[in-house]
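Summary of the model geometry
Here are the chains, one letter per residue:
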Amino acid sequence: MQHPVLGLILGLVAVLHQSQAIMFRLQPNMQKCLKDEMQGNQIVAGEYEITGAPGQKISYVVRDSKGHILSQNEDINKGKFSFTSEVYDTFEICFISHVSPTHRGVDQDVSLDIKKGIETKSYEGIGEAAKLKPLEVDLKRLEDLSDAIVQDFALMRKREEEMRDTNESTNSRVLFFSIFSMCCLLGLATWQVLYLRRYFIAKKLI
């Protein structure tokens, strides 16, 4: 029996790492792409289901930011896919509709559920394989969730530092550009004054 306090902690921590199903409508002979992030050495698993339509086929392809294909399949209606990321990157999954010229296309509903990292683990299977007690399985799940949250915070801190460095670098460049612009304006104003003075002297106006 799961301890109530431990169950509450698991519930609160799981809120931060819960997967959400996405549903959208795909128009005939069109494609719909979705982007998401993935950490290094992380398993990404997805499950999809598509409403059928006569004379229409749908395919999907998953690519990273460099265009490398991570997973793909054609003529799909229901299934799963998974891949492992090597480094931190963003991936894009596109669903493409193909309609026969002899058929009038109709919209199709696509349901997609993507899980990453510990969300892909089956702790029931791990517990059975290792002969763990239910409380030990919950503790293992809590440990993995805590590690994942720590990694997320470390990644957020790294991004914040990178953004701060970029912001400081941009501010320095803007400052130098402003000083350079002021020097140019002062130089131009001085040149105009000297030019007009010589002009007025040459015309004997002063």
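Residues numbered from 1 in each chain as written. Predicted model: local features only at pLDDT ≥ 70, side-chain atom pairs only at ≥ 80, totals over all residues. Heavy atoms only, no water.

1. A short note on the side chain of Gln42
Put simply, the rule is: The way it works is that DSSP assigns letters per residue, a run of H or I at least four long becomes a helix, a run of E at least two long becomes a strand, and they are numbered from the N terminus. Burial status follows relative accessibility: with a 1.4 Å probe on protein chains alone, a residue under 20% of its type maximum counts as buried, one over 50% as exposed, and anything between as partly exposed. The contact criterion used is simple: two residues touch if any of their non-hydrogen atoms lie within 4.5 Å.
Within the fold, Gln42 resides in the loop between strand 2 (31-38) and strand 3 (43-50). Taking the relative accessible area as the measure of exposure, Gln42 reaches 14% and is therefore buried. With residues up to four places along the chain from it excluded, the contact list for Gln42 reads Phe83, Thr84, Ser85, Lys116 and Gly117.

2. Here we look at the confidence of the model for the protein chain
Stated precisely, the cut-off is as follows: Every residue gets a pLDDT, meaning the predictor's confidence in that residue, from 0 to 100.
When pLDDT is averaged along the protein chain, the result is 82, and 85% of the positions lie at 70 or above. Every residue in residues 12-17 is under pLDDT 50, and counting partners more than four places away or in other chains gives 10 contacts.

3. Remarks on the nonpolar core
Formally: What we call a nonpolar core is a set of buried Ala, Val, Leu, Ile, Met, Phe, Trp, Tyr and Cys residues that are connected through their side-chain atoms within 4.5 Å.
Of all hydrophobic cores here, the largest spans 18 residues; its most connected members are Tyr48, Tyr60, Phe81, Ile93 and Phe95. Contributions of two or more residues to this core are made by strand 1 (21-26), strand 3, strand 4 (56-64), strand 6 (78-84), strand 7 (89-99) and strand 8 (108-116).

4. Some words on the pattern of salt bridges
Where we set the bar: Every case where a carboxyl oxygen of Asp or Glu lies within 4 Å of a side-chain nitrogen of Lys or Arg is listed as a salt bridge.
This model, assessed by the stated rule, comprises five salt bridges. We note a salt bridge from Asp109 to Arg25, for which the minimum N-O separation is 2.9 Å. You can see Asp109 sitting in strand 8 and its partner Arg25 sitting in strand 1, a full 84 residues away along the chain. Overall, the relative accessible area of 26% leaves Asp109 in the partly exposed class. According to the relative accessible area criterion, Arg25 is exposed, its value standing at 54%. We note a salt bridge from Arg159 to Glu37, for which the minimum N-O separation is 2.7 Å.

5. Quick notes on the sheet that holds strand 3
Heads up, the condition is: DSSP calls a pair of strands paired once it identifies at least 2 bridges connecting them. An axis is simply a line fitted to the C-alpha atoms; with a helix, the fit covers only the stretch in contact. Between two such axes, the angle follows the N-to-C directions and lies from 0 to 180 degrees.
The sheet built from four strands is open, its strands ordered 1-8-3-6 with antiparallel pairing. With one partner strand each, in any of the chains shown, strand 1 and strand 6 form the two edges of the open sheet. In this sheet, adjacent strand axes meet at a mean angle of 20° when their direction is disregarded.

6. Regarding the state of the cysteines
Condition: Sulfur atoms of two cysteines make up a disulfide when they are within 2.5 Å.
Tallied over the full model, the rule gives one disulfide. Paired by a disulfide, Cys33 and Cys94 hold their sulfur atoms 2.0 Å apart. With the S-S dihedral at roughly 110°, the linkage between Cys33 and Cys94 falls on the right-handed side. Of this pair, Cys33 sits in strand 2 while Cys94 sits in strand 7, and the two are 61 residues apart along the sequence. Note on Cys183: no disulfide assigned, nearest cysteine sulfur contributed by Cys184 at a separation of 7.0 Å. Cys184 sits in the partly exposed class, given a relative accessible area of 39%.

7. Regarding the environment of Leu155
Within the secondary structure, Leu155 sits in helix 3 (residues 134-202). Residue classification places Leu155 among the buried positions, given a relative accessible area of 19%. Leu155 sits 67 residues away from Tyr88 along the chain, and the two C-alpha atoms are 9.7 Å apart. Residues within four places of Leu155 in sequence aside, it is in contact with Gln39 and Tyr88.

8. Thoughts on unusual backbone geometry
Positive phi is not limited to glycine here, since Asn29 has a value of about 55°. For Asn29, the position within the fold is in the loop between strand 1 and strand 2. Positive phi outside glycine occurs at Asp75, with the angle close to 50°. Note that Asp75 resides in the loop between strand 5 (69-73) and strand 6. When its relative accessible area of 51% is taken as the criterion, Asp75 is described as exposed.

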